[in-house]
Amino acid sequence: SKPGLKGKLKLAVDVTAEGRVSSVNVSEDTLGDELLRLHAYFTMKEAEFPKARRSPVFEFILQP
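What counts and how
- Residues numbered from 1 in each chain as written.
- Predicted model: local features only at pLDDT ≥ 70, side-chain atom pairs only at ≥ 80, totals over all residues.
- Heavy atoms only, no water.
- Pairing = 2+ DSSP bridges.
- Helix = DSSP H or I, 4+ residues; strand = E, 2+ residues; numbered from the N terminus.
- Axes fitted to C-alpha atoms, helices over the stretch in contact; angles between N-to-C directions.
- Contact = heavy atoms within 4.5 Å.
- Phe/Tyr/Trp six-rings, centres within 6.5 Å; stacked < 30°, edge-to-face > 60°.
- Buried < 20%, exposed > 50% of the residue type's maximum accessible area, 1.4 Å probe, protein only.
- Expected span 1.5 Å × (residues − 1).
- Polar contact = N/O pair within 3.5 Å; in protein donor to acceptor, adjacent residues only side chain to side chain.

Novice: Sorry, what's going on with the sheet that holds strand 2 (residues 21-29) here?
Specialist: Where strands meet in a sheet, backbone hydrogen bonds hold them as pairs that are either parallel or antiparallel. If you walk across this open sheet you meet the three strands as 2-1-3, and the pairing is antiparallel. Where the open sheet ends on each side, the last strands, each with one partner, are strand 2 and strand 3 (57-62). Adjacent strand axes in the sheet meet at a mean angle of 20 degrees when their direction is disregarded. In this structure, strand 1 (residues 7-15) lies alongside strand 3, joined through six bridges in antiparallel fashion. Paired with Lys8 across the two strands is Ile61, which belongs to strand 3. Across the sheet, helix 1 (residues 34-45) is in contact with strand 1, strand 2 and strand 3; its angle to strand 2 comes to roughly 155 degrees.

Following this line, the structure appears as structure tokens:
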């Protein structure tokens, strides 16, 4: 619904050895869209990963 929306949203995720997300931190947000940021945050918070402790960083870039 926002065709001109552009920018970057970067989320740092900590994953436990069981593959569960223990924390999600927004490390960069130049989009300025709170609804999109919250959606990405809660989607990552509920994600599951292969069993191995790690801390991936997800970067979403929107360009018109």
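After that view, the rundown keeps rolling.
Novice: What's the story with the packing of aromatic side chains in this structure? I'm lost.
Specialist: To describe a pair of aromatic rings, one takes the distance between the centres and the angle between the planes. The full count for this structure, using the stated rule, is two aromatic pairs. With centroids separated by 4.9 Å and ring planes inclined at 90 degrees, the aromatic side chains of Tyr41 and Phe42 adopt a geometry described as edge-to-face. Residue Phe42 is classed as partly exposed on the basis of its relative accessible area of 46%. Geometrically, the ring pair formed by Phe49 and Phe58 is tilted, given 6.0 Å between the ring centres and 35 degrees between the ring planes.

Novice: Before we go on, may I ask you to explain helix 1 in this structure?
Specialist: Along an α-helix, a turn takes 3.6 residues, which lines up residues three or four apart on a common side. Look at helix 1: 16 Å from first C-alpha to last across 12 residues, which is about the 16 Å you get at 1.5 Å a residue. At the N-terminal end of helix 1, a side-chain oxygen is found 3.2 Å from the backbone nitrogen of Leu35, two or three residues along, and the residue is Asp33.

Novice: Hey, could you run me through the environment of Arg54 in this one?
Specialist: Among the secondary structure elements, Arg54 is positioned in the loop between helix 1 and strand 3. Since its relative accessible area comes to 36%, Arg54 is described here as partly exposed. Remark: the alpha-carbon pair of Arg54 and Val24, spanning 30 residues in sequence, is separated by 12 Å. Those residues in contact with Arg54 that sit more than four places away from it in its chain are Val13, Asp14, Val15 and Phe49.

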